[in-house]
Amino acid sequence: MKISSVIPCLAAMLLMQNTFAQQQKTTPYLPTQQEVLQSFKKANELDTALKNISVVTNITPNWQADGNSFWYRKPLDNREAEYYLVDAATGKKQLAFDHERLAKAITKLTDRKTDAQKLWINELFYSDDKSSITFKTGNDWFKIDLKNYKAEKATKPDQQAYNPNRPLQHRRYRWGGFNTDSVSPDKQWTAMQKKGNLVIKNAKTGNEITLSTDGTTEAPYGEFTWSPDGQYVVGYHINYKKIKDVYYVLSSVPGTTRGQLRTRDYAQPGDDFTSYEPFIFNTKTKKQLKIEADKIDFFGAPELHFREGNSRYFTFEKVDRGHQRFRLIEVDGQTGKTRNIIDERTKTFIYEQRIFTYYLPKTNEAVWVTEQDGWRHAYLVNTITGKQQLITKGNWVLRDIDSVDIQKRQLWFKGSGMNAGEDPYFIHYYRIGFNGRGLIDLTPEKGNHQVTYSPDRKYMIDAYSQVDVAPVVSLRSTATGKKIADIEKPDLAKLLATGIKLPEVFVAKARDGKTDIWGVIYRPANMDPNKAYPVIENIYAGPQDSFVPKNFAAVNEMQSIAQLGFIVVQIDGMGTANRSKAFHDVCWHNLADAGFPDRILWMKALNAKYPQADIDRVGLYGTSAGGQNAAGGLLFHPEFYKAGVAACGCHDNRIDKQWWNEQWMGYPVGPHYGAQSNITNAAKLQGNLMLIVGEADENVPPESTLRFADELIKANKDFDLLVIPGMGHSDGGVYGRRSKKNFFIKHLLKAESPVRGAEGI
C-alpha cells in the first residue's frame, strides 16, 4: 500500500475513534452505600495483595574491595529476600551463599531461630579468595566459612563499605556556607576577631597585630580567609540582623497539663538579612582596603577562589537578592578594584539552587550551568577573559552535573528531552567533552534512568522503567555504555493477575496550543466503561521541580484512591521546572497561576478521549505548596474544581519561608504577594474544602492554615478543619489520608464512607 493511501486510512480511523469517544454514553457513577462498602473492601484487599508482591525496581550494589564484584539484596514476595553475588566483568549472577545452611549455622551458634528467607544483612565482605564472608545482621557480626558453613562470631573488617550513591566530587551548595581557615598557609599566623576587629597572632611569639580599628561587638569584622601566599586576609565588616522568631504550641505533650510553647527563628519574605562588606587586609603593609563591590546581603560570606600561582587575584560568586542577577566577580588584591567575569541578568528569575560552578584553577577555567539561552546548559568559562563556550546545547535540559573529569576534559551529566520520541522528562546519563564533542548516551534505552557507579567508575548499574513499563536493572560499561547483562528484569504477571490497572501516560496541549503537557491517569481496577467517574487531581505546582511520576511503582496513594471509584490524575503544568526557561517563567510573580489553565485543558482533553472521566465532578488535593494549590483551585477556578483537600498549605507566600518564596515571587515584597494569597481571597470560596495542618509544622508555619481558616469564618464560609496534635509538616498521616478519602466520597460520590471497624474495613 502506498503511503499516500495509508494516511487517509489512519485519519479515518482516528476520526472514528474520536466520534466513538464523543458518542459513547456514560452515566455518572453514584454508588449505593453497599457499593461503597464493597469498594473499600476490594481496595483494602488489593492494597494488601500488592504490598506482598515484589517488583524489583532497583538494587543497591555493595561493591567489594577489588571493584570487580558486588552483592545485593533482592526482595521477594511476602517480604522475603535473597542475596546475590555478581561478577562485573561477565555479568554472571549467583546466590551469594546457601541461605538455608547459613541460617542453620547462625541458629546453632546463637541459639536464636534464624529464618533463611528473612535474613537481613546490613554489611557483607568477602575474603580475597571468596571462600568466606564476614557480615552484620542486626547488631552482630559473624564469619562463615563457605566450604563447610562453620560460623563464628566476628568483628567488622577493616574494609569500608562503598556508597554507590556518593557523587564523585564534593558538591557545595551556596546556601550551605563553608569553612573559612583562620590559620595562615605557613601556619605561622592566626586571624581572629578581637573586640570586633581583625587581629593576626604569631604562633611562635604570641605577638598580635591589629589590622582594623572600626569594628565593634555589634558590627564586627569576621569570616576571614587567607590568600595562598599569606600576603592577604580577606574579611568582612558584618552588620548582623537577627532572624525573627515564629512560634507554635504543642497541645498534647504526655505528662503535662499545659500547652508547650516552641520558638525558633524563621526568615520570611522581605525580612532583613545580615550583610557583609568585603575588605582586603595586607599583612605586609598592614593596610586595609575596601573592595569595590556591593555589600553581600544574601547567603552570607562567599567562598573565594584565588588565581593559580598569583594570589593577587581572586574571584567570588554573588547572587543578588531577588534572584535576577548572578555574577562571578574578580578582585584585584592590590587595588580593591573588581570586574565581572560572569554577569547574568534576567527579567524573571535565575533559579539559584540550580546554578552550578566548578573551578579548574590550573587552566583558569570554570564549568558553569545556566539557563541564559532559554534551556539549561553547561558552559566553559575562561576566568581571566570571561569568554564563554557552550559545552551542551539544544532544546533539552541538562538536569545535573555528576562529575567533571579534569584530566580527560569531560563532563558527566544527566539530561532530559534529548532523546526523540520519549517523554521529555525521562532522565538519561551522558558524557561529553569540554569542546562539545564526543557525546555518548550511557543509557540509551527508552525510560527514566537512575545510575550508580562502581568505585573506579569502570562499571555502572542502570535501573530504568516507565510508569506503565516493567523496570530493568542492567550492568553496563562506562567506557562505552554497552550493556554487560540484565541483573533484574521482573515479570509483572503476578501483579497484573490482581486486576490492577497500570497507569496511563496522557499528553495534551497547553494554553498556548503548542506545548505538550504530560500527566498520568489512574483508574479503578473494576471500572465500568459505561459509567463516568469523578476526577481527582493530585496537585503540586511548586516551581522547584517536576512531579509527575516517571518510574514504575506497584503501589501508591493515587492507585489506592482510584480503587474507591475515582479517576486520579497528576499533571505538570506550566510554571514547573525541567522544561524550557519560558515554560518555567510562567510562575514568576505568579504562583497563584499554578499551571491551572494547562491542567484544566488537559482534563478536558482527557474527557474528550475518555468520557468515563467526569469533569463536572473534579476534586484536587495537595500538601505544602500543593496545599496552597488545592485551595487555590477552589478559589480561583470554582467553575471547574468542586472539592479540595489542602494539607499544610503555604496559603500566603508572605508567611512562608523567605528563600523559597522570594525565588519565585521576587523581592521586594510587592502587592502581587497579597493579590495571590489564599487568605486574601478566602471570600471567593464556592466548593467544598478541607484544611489539614499539623500543630508542630516547622516547614510552613501552622498559622498559615489557621489564618486562612480565620478569613473563611469571617466570610461565613463552610469548610472542614483537621488539626493534628504534635504533627509536623505532613498530609495528616494515616488519619489525614483516611479523612481525605472520606471527604471525596461524601462530596464527589454523594455517599458516606463505611464505619471504621466494619467487616473488611
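Description of the structure in this document. None of these values were measured; they are calculated from a predicted model.

1. Observations concerning the pattern of salt bridges
Taken as a whole and judged by the stated rule, the model has 42 salt bridges. One salt bridge connects R511 with D593, and the closest N-O pair in it is separated by 2.9 Å. Of this pair, R511 sits in the loop between β35 (504-509) and β36 (516-522) while D593 sits in the loop between α6 (581-585) and α7 (596-609), and the two are 82 residues apart along the sequence. The exposure class assigned to R511 is partly exposed, which follows from its relative accessible area of 33%. A relative accessible area of 14% means that D593 is categorised as buried. Of the charged contacts in the structure, one is a salt bridge between D598 and R511, with a shortest N-O distance of 2.8 Å. A residue pair is termed long-range when its members are at least 10 positions apart, and D598 in helix α7 and R511 in the loop between β35 and β36 qualify at 87 residues. Overall, D598 belongs to the buried group, its relative accessible area being 0%. It is possible to trace a salt-bridge network through shared partners that takes in E445, D462, R476, K483, D486 and K489.

2. Things to note about the sheet that holds strand β24 (residues 365-370)
To summarise the sheet geometry, strands pair through backbone hydrogen bonds and adopt either a parallel or an antiparallel arrangement. Across the sheet, four strands lie side by side as β23-β24-β25-β26; this open sheet has antiparallel pairing. On the outer flanks of this sheet lie β23 (356-360) and β26 (388-390), each paired with one strand and no other. Across the sheet, the axes of successive neighbouring strands diverge by a mean angle of 25 degrees, strand direction being ignored. Where β24 meets strand β25 (residues 377-382), six bridges bridge the pair, whose relative direction is antiparallel. Across the sheet, the residue bridging to W368 is Y379, located in β25.

3. Some remarks on the layout of surface pockets
In this structure, the second largest pocket spans a volume of roughly 550 Å³. In terms of lining, the second largest pocket is formed by 20 residues, of which the most central are I243, A267, F273, F299 and Q658. Counting residues per element, the lining of the second largest pocket draws most heavily on helix α9 (residues 658-665), at three residues.

4. A look at the pairing of strand β17 (residues 275-282)
Consecutive side chains of a regular strand alternate in pointing toward one face of the sheet and then the other. The buried fraction of β17 amounts to eight of the eight residues, a majority that puts the element mostly inside the structure. Burial of the side chains of β17 extends over both faces: S275, E277, F279 and F281 are buried on one face and Y276, P278, I280 and N282 on the other. As defined by bridge partners, strand β14 (residues 232-239) adjoins β17 across eight bridges and the pair is classed as antiparallel. Counted as the bridge partner of Y232 is N282 from β17. If you look at the hairpin formed by β17 and strand β18 (residues 288-290), you'll find five residues sitting between the two strands, and K286 has a positive phi there, around 65 degrees.

Conventions we followed
Residues numbered from 1 in each chain as written. Predicted model: local features only at pLDDT ≥ 70, side-chain atom pairs only at ≥ 80, totals over all residues. Heavy atoms only, no water. Salt bridge = Lys/Arg side-chain N within 4 Å of Asp/Glu carboxyl O. Helix = DSSP H or I, 4+ residues; strand = E, 2+ residues; numbered from the N terminus. Buried < 20%, exposed > 50% of the residue type's maximum accessible area, 1.4 Å probe, protein only. Pairing = 2+ DSSP bridges. Axes fitted to C-alpha atoms, helices over the stretch in contact; angles between N-to-C directions. 1 Å grid on protein atoms, 1.4 Å probe; cavity = no way out; pocket = protein on both sides within 12 Å on 5 of 7 lines; lining within 4 Å. Points joined across faces, edges and corners; volume = space filled by probe spheres on them.

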